[in-house]
Amino acid sequence: MLTKLAGGRLFDPTNGRHGEVADLWLRDDRITADPGPGATPDATYDLTGKVVMAGAIDIHSHIAGGKVNLARLLMGEEHEHHRFAGSPCGCGGGSGLATPSTHTTGARYIEMGFTAAFEPAMLGSNARHAHMEMGDIPYIDTGGYLVLGSDDFLLDLIATNAGQAAINDYVAWMLTATQSLAVKVVNPGGINAFKFNARTLDLDEPGPYYGVTPRSVLTVLARAVYELGLPHPLHVHGCNLGVPGNVATTLDTIQAASGLPMHMTHIQFHSYDTEGDRKFSSGAAALAEAVNRTPTLSVDIGQVMFGQTVTASADTMAQRRTAPLAHPRKWLAMDIECDAGCGVVPFRYRDTSYVNALQWAIGLELFLLLDDPWRVFLTTDHPNGAPFTFYPELIRLLMDRDYRLAKLAEIHPDAPAHTTLGSITREYTLAEIAVMTRAAPSRILGLADRGHLAPGASADVTVYTDRPDRRAMFERPDLVFKSGRLVVRDGTLVAMAQGCTHVVRPGFDDLIERRIARHFDERLGLSLKHFRIRDEEIRHGAGPVLHPCRRREVP
Amino acid sequence: MTFHPEILCPFCGLGCGDIGIDQDDSGIAPRPSGCPQADRLFRRPMAVATDARMAGTQVPMDQAVAEAARLLGAARAPLIAGLAADVDGVLAALTLAARIGATVDHERSDALFRNLAVLRRFGWSVTTLAELRNRSDLVLVVGPDPAAAFPRLWERWVAPPPAFVPGGGRSVVFLGGEPLPETVQCLAGQIETRGMETDPQPDLATLVTRLRTALAGRGAAEDPRMAELAARLRAARYAVVVWAAGLFDGPQPDLIVEALVRLVRTVDGTTRCAGLPLSGADNLIGANQACTWRTGFPLRTGFEAGAPFHDPDRFDWRSRLRDADVTLWISAFRPEEPEFSTGGSVIMLAPPETAITAEPALFIPVGTPGIDHAGDVFRADSVVALHAGALIDRGLPSVADVIGRMLVALEQSADAREKAGC
């Protein structure tokens with residue numbers, strides 16, 4: 001099958017194209033070079049005046065696994081009010097907005113031109129579940145970031161001075177056994193400390209039992225990820241999420257990395273200062289400045305948008321703190337398998353609330369003050385800040401200053417005074433949106449054949465009409481191709497496609513396996529044989545897509 | 001004779017991975033595991049009838065599948081129940097349910113819904129088996145001994161010394177239920193406090209209320225033993241409250257569950273305390289997880305014009321059975337005849353060695369996950385999913401295979417109707 005996308009404006013930052021008019025050719029599931037004058041395409045689309053980009057990639061979206069399913073159960077009312085029939089193309093029915101069911105998740109993403117989304121908090125103990133669920137999401141590529149840093153085994157390695165090499169081997173072993181793409185740390189050591197009844201844990205506070213500080217968890221993991229040569233730097237959900245004044249901790253966390261690459265996630269929730277009568281203000285300017293001058297750092301925002309959602313996180317410590325604010329007033333918490341935990345708290349962000357209004361403004365402030373779109377990613381930390389379906393609205397806020405100022409005028413009247421948002425004139429360009437949602441995500445995750453339009457890349461392509469209303473433009477692409485197949489036309493599903501699961505496999509010294517096996521037998525009551533996820537378990541036998549790691553040494 | 005060590009058991013929901021299985025030409029047999037369920041259910045003969053039966057007469061599989069598709073396609077009120085299958089089997093059943101507008105429910109969902117009712121209206125605070133094993137210094141068992149449904153619960157998850165408890169001491173307190181003799185033997189001196197009940201038939205709800213009253217600091221003088229238990233909960237580092245709601249008697253068992261979650265939260269405010277609601281034989285939890293991720297709703301969900309619709313009362317399989325005209329009953333784990341009766345037609349997917357007294361309209365033999373084919377099952381604490389491998393090949397298809405073929409047959413007949421212009 002040869003397809004010609006004729007005469008569109010290509011926004012393909014990886015290959016230095018910023019709106020140049022060119023033809024794009026797809027052969028089967030790949031983008032291919034112009035086959036020359038003799039070739040007759042099986043299908044031709046006249047894209048004169050249209051905007052053409054690679055399929056968008058969401059690097060941080062809670063789409064699968066135990067906590068998402070628990071959130072679905074807790075959000076029963078929402079699901080009852082939002083039920084969807086299947087589509088004739090084979091996409092099944094489902095329900096939900098903030099915690100959509102699997103087919104609904106795939107459908108909503110592909111309808112917006114996203115062809116990949118990554119689950120950023122996969123617990124080792126729950127990995128098999130997360131993979132089964134990801135395999136049931138049609139249309140999009142997926143992968144999981146393995147949560148480490150509160151697992152008793154790692155803390156024991158650190159506490160007993162097992163050494164960096166042993167830690168690297170353990171991390172590599174776990175990535176392999178759980179079929180993961182990256183490593184995430186959530187409230188380093190904090191979820192573990194909470195199991196010993198610590199309700200807070202600061203960056204330099206030794207945790208209970210092991211006496212290990214969050215700083216040391218963070219640094220050994222950042223170093224392990226670097227030395228193993230994983231494409232994606234350590235994905236960090238820091239300490240003190242949501243606590244006023246936490247911007248100081250966040251700045252300290254940047255220091256703690258001491259030059260090692262690090263991705264700080266949903267930094268909006270970690271950018272709070274304590275100025276003003278309410279002791280709650282924006283710390284965005286200071287944080288943006290620190291990120292701007294640290295080229296080894298990347299961030300995603302975790303933008304808050306107004307409305308009902310649900311927060312689902314492995315950070316039981318933080319979730320227990322916010323549980324009294326639950327709306328509706330119900331929540332759940334879980335300690336999990338000497339591994340981590342999960343907390344699910346429904347939440348309604350209101351523009352009439354000073355705190356929520358400021359959270360909204362802080363997120364936008366960060367987007368606009370961070371000057372390198374290659375190091376900042378479009379996320380709402382779905383569903384924690386808002387469902388991912390708010391991305392088109394968020395893009396409009398970034399690209400349209402007048403619209404942004406109009407919205408700023410609607411929020412709690414005291415909030416604007418505590419942010420710099422009103423004075424920022426920047427508007428994102430289409431090229432910058434293409435960087436932030438395509439080129440940069442593929443680069444930061446090491447997905448060499450995704451997120452761009454050069455020959456050989458996966459034929460994941462989205463075509464938009466260039467409308468001044470950027471929300472309308474990004475909400476409803478004209479055409480979406482997944483692996484070369486046209487799956488969305490004018491916002492409607494027209495065919496079925498399946499994505500793949502991306503993993504890394506850095507290799508390790510298997511001597512570590514004896515210590516791990518003892519831990520599994522004595523503590524977890526499960527042998528390694530039953531824990532390991534085999535390739536044939538991924539996507540009903542299709543297996544994962546492997547991405548190379550390149551071992552490095554810290555200078 | 002071949003020996004298979006470290007075999008994963010998919011039956012009760014504890015996910016024991018240490019079963020030894022002997023295999024010879026006649027079939028497989030487990031070495032004594034300490035679990036009556038594993039000892040019974042892993043014993044399978046090699047020689048079984050692999051033919052399907054239509055009203056008791058053997059028919060080729062193709063014919064049985066075509067007839068099943070015809071019956072299900074024409075059904076006005078189809079029901080898919082039993083639903084005892086691995087995750088792939090359940091997902092196939094959900095695809096079929098959406099296609100024909102059936103409701104789905106698991107045979108053993110009663111216990112689950114007592115817990116889910118509370119999760120959905122109030123939330124919960126719970127833990128998992130490895131946390132119980134390593135962190136708990138006090139285990140409060142509410143109601144009948146869960147070992148009745150989870151035979152090796154105490155041996156595997158409570159008898160080993162807790163790793164994170166200084167000194168390794170752990171007490172197990174039964175409230176409103178007696179430990180089984182095997183439990184007493186297994187836990188030896190750890191069972192400390194008994195006799196909280198003042199009458200021989202204790203009312204569980206009342207006992208839990210008395211404990212919550214004591215936790216609130218009231219009535220210590222009248223109820224000193226409960227006050228003492230409350231004090232021990234508050235003094236524990238990590239107390240785990242264990243219950244198997246399926247074993248609760250009484251008119252509104254979900255109210256007991258809610259009281260327990262509230263109790264857990266009271267204690268958890270100052271020290272650590274978590275619940276451990278156990279339910280989950282025959283991959284009940286996996287069926288519920290798959291139904292939740294696929295539809296957004298738990299079991300007891302149907303489809304209205306292709307969109308899922310949940311009703312925990314109306315779509316209980318026992319109620320639906322009354323007006324279902326066709327029931328697809330799935331029971332892949334146990335060669336035991338299910339107990340139900342219906343006026344409608346029954347298509348049964350079950351192991352061939354199942355002795356059937358009332359022959360259904362169609363009987364289609366299927367393999368057991370973890371014996372005849374690999375399959376995923378969830379543990380009773382809902383987090384850990386396990387992949388049970390294949391042990392023997394008796395030529396039996398999986399539930400997912402059979403339903404997949406029914407879906408193909410349904411598509412073909414729909415295409416044929418379209419071509420014929422009807």
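Residues numbered from 1 in each chain as written. Chains lettered and ligands numbered in written order. Predicted model: local features only at pLDDT ≥ 70, side-chain atom pairs only at ≥ 80, totals over all residues. Heavy atoms only, no water.

## A short note on the sheet that holds strand β4 (residues 44-45) of chain B
Residue and element names in this part refer to chain B. Note the threshold: Strands pair, by our definition, only if DSSP identifies at least two bridges between them. In DSSP terms, a helix is any run of H or I states spanning at least four residues, a strand is any run of E spanning at least two, and both are numbered starting from the N terminus.
The sheet built from four strands is open, its strands ordered β1-β2-β3-β4 with antiparallel pairing. Of all strands in the sheet, those bounded by a partner on one side alone are β1 (2-7) and β4. Pairing analysis gives four bridges linking strand β2 (residues 19-24) to strand β3 (residues 27-30), with the strands arranged antiparallel. Looking at β3, one finds that I21 is bridged to P30.

## Let's talk about the domain arrangement of chain B
Residue and element names in this part refer to chain B. Selection criterion: Domain start and end points were adopted from an automatic or database domain assignment. Only heavy atoms matter for contacts: two residues are in contact if any of them lie within 4.5 Å across the pair. As used here, buried area is the combined drop in accessible area, with a 1.4 Å probe, of two parts when they are placed together. Definition used for salt bridges: Asp or Glu carboxyl oxygen within 4 Å of a side-chain nitrogen of Lys or Arg. Any N or O atom pair separated by 3.5 Å or less is treated as a polar contact, with the protein-specific requirement of one donor-capable and one acceptor-capable atom, and with residues adjacent in sequence counted only for side-chain atom pairs.
Under the domain assignment used here, chain B contains domain 1 (2-108 + 282-419) and domain 2 (111-279). Computed from C-alpha atoms alone, the centre-to-centre distance between domain 1 and domain 2 is 33 Å. The partner domain 2 presents 19 residues to the 25 residues of domain 1 that form the contact. Roughly 1800 Å² is buried in total at the junction of domain 1 and domain 2, and carbon and sulfur atoms are behind 64% of that figure. In terms of surface lost to domain 2, no three residues of domain 1 exceed L14, A380 and D381, which account for 29% of the buried area on that side. In this assembly, domain 1 and domain 2 are joined by one salt bridge. Here D18 and R152 are joined by a salt bridge, their closest N and O atoms 2.8 Å apart. One can count four residue pairs in polar contact (both at pLDDT 80 or more) joining domain 1 with domain 2. Sorting the residues of the side of domain 1 that touches domain 2 by element identifies α1 (36-41) and α11 (284-295) as the ones contributing at least two each.

## A short note on the interface of chain A and chain B
Contacts between the two partners involve 58 residues from chain A and, on the opposite side, 61 residues from chain B. Counting each side, the surface lost to burial between chain A and chain B is near 4800 Å², with a carbon and sulfur contribution of 51%. Seen at the junction of chain A and chain B, the total is seven salt bridges. Close ionic contact of R272 of chain B with D335 of chain A constitutes a salt bridge, the shortest N to O distance being 2.8 Å. Remark: the boundary between chain A and chain B carries 43 residue pairs in polar contact (both at pLDDT 80 or more). For strand β19 (residues 332-336) of chain A and strand β9 (residues 125-126) of chain B, the ladder comprises two bridges, and the chain directions are parallel. Its bridge partner being in β9 of chain B, A333 of chain A is matched across the sheet by S125 of chain B.

## Notes on the packing of helix α5 (residues 152-159) of chain A against helix α17 (residues 512-524) of chain A
Residues and elements named next belong to chain A. Stated formally: Angles run from 0 to 180 degrees between N-to-C directions of axes, and those axes are lines fitted to C-alpha atoms, restricted for helices to the stretch in contact. To sort the angles, those under 35 degrees are grouped as roughly parallel, those over 145 as roughly antiparallel, those from 65 to 115 as roughly perpendicular, and the leftovers as oblique. Here a crossing is called left-handed whenever its near helix is offset anticlockwise from the far helix by less than a right angle, and right-handed whenever the offset is clockwise. Classification used: nonpolar for Ala, Val, Leu, Ile, Met, Phe, Trp, Tyr, Cys and Pro, charged for Asp, Glu, Lys and Arg, polar for all others including Gly.
Two elements in contact, α5 and α17, have axes whose closest approach is 11 Å; the angle formed by their N-to-C orientations is 130 degrees. With respect to α17, the axis of α5 lies oblique. Viewed along their axes, α5 and α17 form a crossing whose handedness is right-handed. On the side of α5, the interface is formed by F153, D156 and L157, while α17 contributes R515, I516 and H519. The residue inventory of the contact of α5 with α17, partitioned by class, reads three nonpolar, one polar and two charged.

## Concerning the domain arrangement of chain A
Residue and element names in this part refer to chain A. Parsing chain A into structural domains produces domain 1 (2-54 + 449-493) and domain 2 (56-445). The C-alpha-based centres of domain 1 and domain 2 are spaced at 30 Å. Listed by partner, the interface residues are 28 residues for domain 1 and 27 residues for domain 2. At the boundary of domain 1 with domain 2, total buried surface from both sides reaches about 2300 Å², with 67% on carbon and sulfur atoms. If you look at where domain 1 meets domain 2, you find four salt bridges. The partner of R396 in a salt bridge is D469, with the nearest N and O atoms 3.7 Å apart. Counting every contact that joins domain 1 to domain 2 gives eight residue pairs in polar contact (both at pLDDT 80 or more). Looking at the side of domain 1 that touches domain 2, the elements with two or more residues in it are β5 (51-54), β22 (461-464), α16 (470-475), β23 (479-482) and β24 (485-489). Looking at which element gives the most residues to the side of domain 1 that touches domain 2, the answer is α16, with five residues. Considered class by class, the residues forming the side of domain 1 that touches domain 2 number 14 nonpolar, five polar and nine charged.

## Description of the sheet that holds strand β11 (residues 144-148) of chain A
Residue and element names in this part refer to chain A. Strand order in the open sheet formed by seven strands is β10-β11-β12-β13-β14-β17-β21, and the pairing between neighbours is parallel. Two strands lie at the open edges of the sheet, namely β10 (119-123) and β21 (376-377), each paired on one side alone. Bridge count for β10 against β11 is three bridges, and the pairing is parallel. Looking at the pairing, E119 lines up with G144 of β11.

## A look at the side chain of T301 of chain B
All names here are of chain B. Considering the arrangement of structural elements, one finds T301 in strand β14 (residues 301-304). A polar side-chain atom of T301 sits 3.3 Å from a polar atom in the side chain of H310. T301 has contacts with A102, T103, V104, C291, T295, P308, F309, H310 and F315, leaving out every residue within four places of it along the chain.

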